[in-house]
Amino acid sequence: MASGAQRVVLITGCSSGIGLRIAVLLAKDEQRRYHVIATMRNLQKKKELVEAAGEALGNTLTLQALDVCSDDSVKQCISSVKDRHIDILINNAGVGLLGPLESISVERMKTVFDTNFFGTVRMIKEVMPDMKKRRAGHIIVMSSVMGMQGVVFNDIYAASKFAIEGFCESMAVQLLKFNVKMSLIEPGPVHTEFEAKMMDELAEMEFSGADQDTVRYFKDVYVPSSCDIFEAMGQTPEYIAKCTQKVIESRSPRFRNLTNSLYTPIVAMKYADETGGLSVHAFYNLLFNFGSLMHVAMAVLKCLTCSCLRRRTVSPD
Ligand SMILES: NC(=O)C1=CN([C@@H]2O[C@H](COP(=O)(O)OP(=O)(O)OC[C@H]3O[C@@H](n4cnc5c(N)ncnc54)[C@H](OP(=O)(O)O)[C@@H]3O)[C@@H](O)[C@H]2O)C=CC1
Ligand SMILES: CC1=C(/C=C/C(C)=C/C=C/C(C)=C/C=O)C(C)(C)CCC1
């Protein structure tokens, strides 16, 4: 149980990746400032977290079942928290979806929205009223750079993250009136099971409904470029966890927190031209005209992202 001085942090999606790393980092805080309620939809997947948490389990970390797609599960979990008191809610649970639109069923798309968008909405709807009453709290949402800039063949995933951005941007204004803070973490590619799960799904994909050219652009142009980007730009879940801790501990946390300075020019380009033409054409050229030069493009990007751009991102130090 949390001691009075500890801040209660509830995190969704802690069976792997970023959620797991945030849970462990906060639970192992040397000053024991946090009591972490690490949740996952399937407690049979607790092994990795239990091993990583070590002695923190049962002390500064407790485990709970929570499926963000189930109203009952969300209500049950939050009601089980002492006095429903959560200081920091970290909405991390999420799923990816990749591939030609023609090959993806609407049912599958709805699952992505139910997890990434409505899952976050369900959590906030349940936790926010108590935070508002207490005039205190911090809501963190693991969004994505794809919540700010769409990426070809990630149409539905990007849309689900854009939905989150619009929702949070709107909520943040009301919440400010109640002294409740809202922060978005905006990672680029991160090496977690997210990547592997999407590759597994791709291996199974039959591409029914998609024409040959589209399948070719996807498999032979997008997928190799995307792998290059993951290799060149990928961050670790531990790094994202440290960035998140920094946001939590900031006296005046920013609303948007990019973690990867290599994405700053992409976001800047979007805001530099409100017609959207610059971004669409730049992405088209990067992918279809300079795809074979992706390694060079990445090296140039790395040089360009000098310290002045890094200052605009959140970093642990
Ligand atoms: N990896 C990346 O490149 C990036 C990831 N993100 C975002 O970061 C977040 C974490 O992803 P990441 O750690 O990378 O990926 P992982 O796949 O490693 O982790 C995702 C977590 O979400 C959980 N989850 C999925 N559906 C539900 C559900 N219905 N209820 C509760 N938990 C659920 C998974 O549980 P289970 O094991 O049961 O499936 C898992 O614990 C996501 O929101 C993702 O969109 C943002 C930018 C980049
Ligand atoms: C930047 C960029 C590309 C890919 C970006 C990718 C692959 C981003 C992945 C982000 C993730 C995984 C976010 C998760 O939320 C392309 C289209 C290959 C070419 C043009 C430039």
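With an unreviewed UniProt entry as reference, the protein chain is termed Retinol dehydrogenase, source organism Electrophorus electricus. As recorded by UniProt, the Sequence similarities (unreviewed entry) comment attached to the protein chain reads in full: "Belongs to the short-chain dehydrogenases/reductases (SDR) family."

Overview of the site of ligand 2
Contacts to ligand 2 come from 13 residues, most closely from S144, P189, S225, S226 and L286. Contributions of two or more residues to the shell around ligand 2 are made by helix 7 (212–233) and helix 10 (277–289). Of the residues contributing to the shell around ligand 2, the split by class is nine nonpolar, four polar and no charged.

Examining the site of ligand 1
Taken together, the neighbourhood of ligand 1 is formed by 31 residues, with G13, G17, A93, G94 and F194 sitting nearest. Going through the elements one at a time, helix 1 (17–27), helix 4 (106–134) and helix 6 (193–204) are the ones with two or more residues in the shell around ligand 1. Residues of the shell around ligand 1, tallied by class, amount to 13 nonpolar, 13 polar and five charged.

As for helix 4
Between its terminal C-alpha atoms helix 4 stretches 40 Å, which fits the 42 Å expected from 29 residues at 1.5 Å a residue. When we look at burial in helix 4, the residues that qualify are V112, T115, N116, G119, T120, R122, M123, I124, V127, M128 and M131. Against the buried residues of helix 4 lie helix 3 (71–79), strand 4 (88–91), strand 5 (138–142) and helix 5 (155–177). Just beyond helix 4, the residue with positive phi is R135, at close to 55°.

Points about the UniProt feature "binding site: substrate" (unreviewed entry) in the protein chain
If you check UniProt for "binding site: substrate" (unreviewed entry), the listed places come out as S144 in our numbering. Relative to the elements of secondary structure, S144 occurs in the loop between strand 5 and helix 5. Once you skip the residues sitting within four places of it in the chain, S144 turns out to touch K161, E186 and P187.

What about the sheet that holds strand 7 (residues 256–258)?
The seven strands are arranged 3-2-1-4-5-6-7 in an open sheet whose pairing can be described as parallel. Sheet topology places strand 3 (61–65) and strand 7 at the edges, where each strand pairs with a single neighbour. Adjacent strand axes in the sheet meet at a mean angle of 20° when their direction is disregarded. Where strand 4 meets strand 5, four bridges bridge the pair, whose relative direction is parallel. Counterpart to N91 in the pairing with strand 5 is V141. The strands that helix 4 touches are strand 4 and strand 5; relative to strand 4, the one it contacts most, it runs at about 170°.

A few points about the pairing of strand 1 (residues 7–11)
Summarising the sheet, strand 1 and strand 2 (residues 34–40) pair through five bridges and their orientation is parallel. In the strand pairing of strand 2, L10 is matched with I37. With helix 1 bridging strand 1 and its parallel neighbour strand 2, the resulting β-α-β unit is right-handed. Pairing geometry for strand 1 and strand 4, over three bridges, is parallel. Looking at the pairing, V9 lines up with I88 of strand 4.

Quick notes on unusual backbone geometry
One non-glycine residue, D83, adopts positive backbone phi at about 55°. Note on placement: D83 falls in the loop between helix 3 and strand 4. One non-glycine residue, R135, adopts positive backbone phi at about 55°. Tracing the backbone shows R135 in the loop between helix 4 and strand 5.

Remarks on the packing of helix 1 against helix 8 (residues 237–249)
The geometry of a pair of packed helices is captured by two quantities: the angle between their axes and the separation between those axes. Relative orientation of the contacting elements helix 1 and helix 8 amounts to 55°, with a least axis distance of 8 Å. Our classification of the angle between helix 1 and helix 8 gives oblique. In this structure, helix 1 crosses over helix 8, and the sense of that crossing is right-handed. For the pair helix 1 and helix 8, the contacting residues are G17, I18, R21, I22, L25 and L26 in the first and P237, E238, I240, A241, K242, T244 and Q245 in the second. Residues that form the contact of helix 1 with helix 8 fall into these classes: seven nonpolar, three polar and three charged.

Section: the UniProt feature "active site" (unreviewed entry) in the protein chain
The residues that UniProt annotates with the feature "active site" (unreviewed entry) are Y157. In this structure, Y157 sits in helix 5. Its 24 C-beta neighbours within 10 Å are what place Y157 among the buried residues. Not counting chain neighbours up to four residues away, the residues in contact with Y157 comprise G96, L97, V112 and M146.

What counts and how
Residues numbered from 1 in each chain as written. Chains lettered and ligands numbered in written order. Predicted model: local features only at pLDDT ≥ 70, side-chain atom pairs only at ≥ 80, totals over all residues. UniProt positions renumbered as here; feature names shortened; annotations may be inferred. Near = placed C-beta within 6 Å. Helix = DSSP H or I, 4+ residues; strand = E, 2+ residues; numbered from the N terminus. Nonpolar A, V, L, I, M, F, W, Y, C, P; charged D, E, K, R; others polar. Expected span 1.5 Å × (residues − 1). Buried ≥ 20, exposed ≤ 12 C-beta atoms within 10 Å, placed from the backbone. Contact = placed C-beta atoms within 7 Å. Pairing = 2+ DSSP bridges. Axes fitted to C-alpha atoms, helices over the stretch in contact; angles between N-to-C directions. Right-handed = clockwise from strand over helix to strand, strands pointing away. Parallel < 35°, antiparallel > 145°, perpendicular 65-115°, else oblique. Left-handed = near helix turned anticlockwise from the far one by under 90°.

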